[in-house]
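The residues making up each chain are set out below.
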Amino acid sequence: SGDITLIEPSFRILLDRYVRNVFDHQLAAKTINGHTITGQGLLTFFESYVNLFAESKGAFPKPQNILDATSEANNRHSLDRALQEYKNTMEGKVGMNSTFVAEVVLQETHSTAEKKSIEYFDKHATMGSTANIGTYRDRLVDNVLIEKERYYVLNAARNPYKDIEQYIVPLVVAALAWFFAAVLDRTCSHDVCEKTENTLVKVYSFILFVLFVLLWSHFSGSLTYVKNMILPALSEDQQKLVNKFMG
């Protein structure tokens, strides 16, 4: 029935002491080759051993094959952990909750993270042939470069001055059109001057209108992005308030 009150009290007391003794005092992290194994790492070792026995077709694998499978799993696990070391360092500077950072700071962070990542791999990937270790080290370097590109793109998207050149040139043209229109209005009353002035007014008015539409579109998109980012972390009442305010 699932009712624990039906279990004998003495059994429950002894079971409680046993579980607390095992998990609070005697439980220790498993290690292979002197390195602590995570849940994901243990899965990697399982996959290597299962594949090894599957390839043996019912026969017990040779000791050398078992050693190769162990070193292969160890190097794969070292690669995964080393890459995670890189991500952890980068997340602290340019993660999802970070703001825009200067490129020189980002480059310094990348260099530090890359160094820590490779040092971690070199320290833990010590099983198997040099060629096998080198192969996984090269994969680590390639994966780090991929992650670097991702973080650089993420940081660039936060640049408050991103795409500012798209607005500077039209604003300069609009300013010049306004200036010359003002000059013509004060210095010339000829029909040609008036037509030219009207044309310049239309030019800078059109440019300002287009820029206003673009800025409003960008502002609306930013509000939607911010709303989608913060809503999951809010309570139901707070979500209603945000939706009412942001639309």
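**Student:** Explain the overall build of the protein to me, using residue names and the numbers behind them.
**Tutor:** A tally of regular secondary structure across the protein gives eight helices and two strands. Each helix (α) and strand (β) of the protein, taken in turn from the N terminus, gives the series α-β-β-α-α-α-α-α-α-α. Considering the protein as a whole, with its 247 residues, one finds that 25% of them fall into the buried category. If you sum the accessible surface of the protein, you get close to 17500 Å²; carbon and sulfur atoms cover 61% of it.

**Student:** Which residues make up the state of the cysteines, and what are the values?
**Tutor:** Disulfides are covalent bonds that link the sulfur atoms of two cysteine residues. Under the defined criterion, the tally for this structure stands at one disulfide. The residue that forms a disulfide with C188 is C193, at a sulfur-sulfur distance of 1.9 Å. On the S-S bond that ties C188 to C193, the torsion sits near 75°, and the link is right-handed.

**Student:** I'd love a proper account of helix α4 (residues 103–124), names of residues and values included.
**Tutor:** For α4, with 22 residues, the first-to-last C-alpha span of 31 Å sits near the 32 Å given by 1.5 Å per residue. Among the residues of α4, L106, T109, H110, A113, S117, I118, Y120, F121 and H124 are the ones counted as buried. Down the axis of α4, the buried set is contained in an arc of 160°. They therefore lie on one face. Residues V104, K115 and K123 are exposed on α4 and point more than 90 degrees away from its buried face.

The rules behind each value
Numbering of residues begins from 1 in every chain and follows the order in which that chain's sequence is written. At least 70 in pLDDT is required for a residue's local features to be given in this predicted model, at least 80 for side-chain atom pairs to be given and counted, and no such filter applies to totals for whole chains, interfaces and linings, which use all residues. The basis for every side-chain value is the complete set of heavy atoms in the structure, and neither hydrogens nor water enter the calculation. Under the scheme used here, helices are H or I runs from DSSP no shorter than 4 residues and strands are E runs no shorter than 2 residues, and both carry numbers assigned from the N terminus. Three exposure classes are used, based on accessible area relative to the maximum for each residue type with a 1.4 Å probe and protein chains only: buried under 20%, partly exposed in between, and exposed over 50%. With residues, only the protein chains shown are counted as cover, and all accessible areas are computed by Shrake-Rupley using a 1.4 Å probe. A pair of sulfur atoms, both from cysteines and within 2.5 Å, is called a disulfide here. Here the expected length of a helix is defined as 1.5 Å per residue gap, with one fewer gap than residues. Our arc is simply the arc of the directions from the helix axis toward the C-beta atoms.

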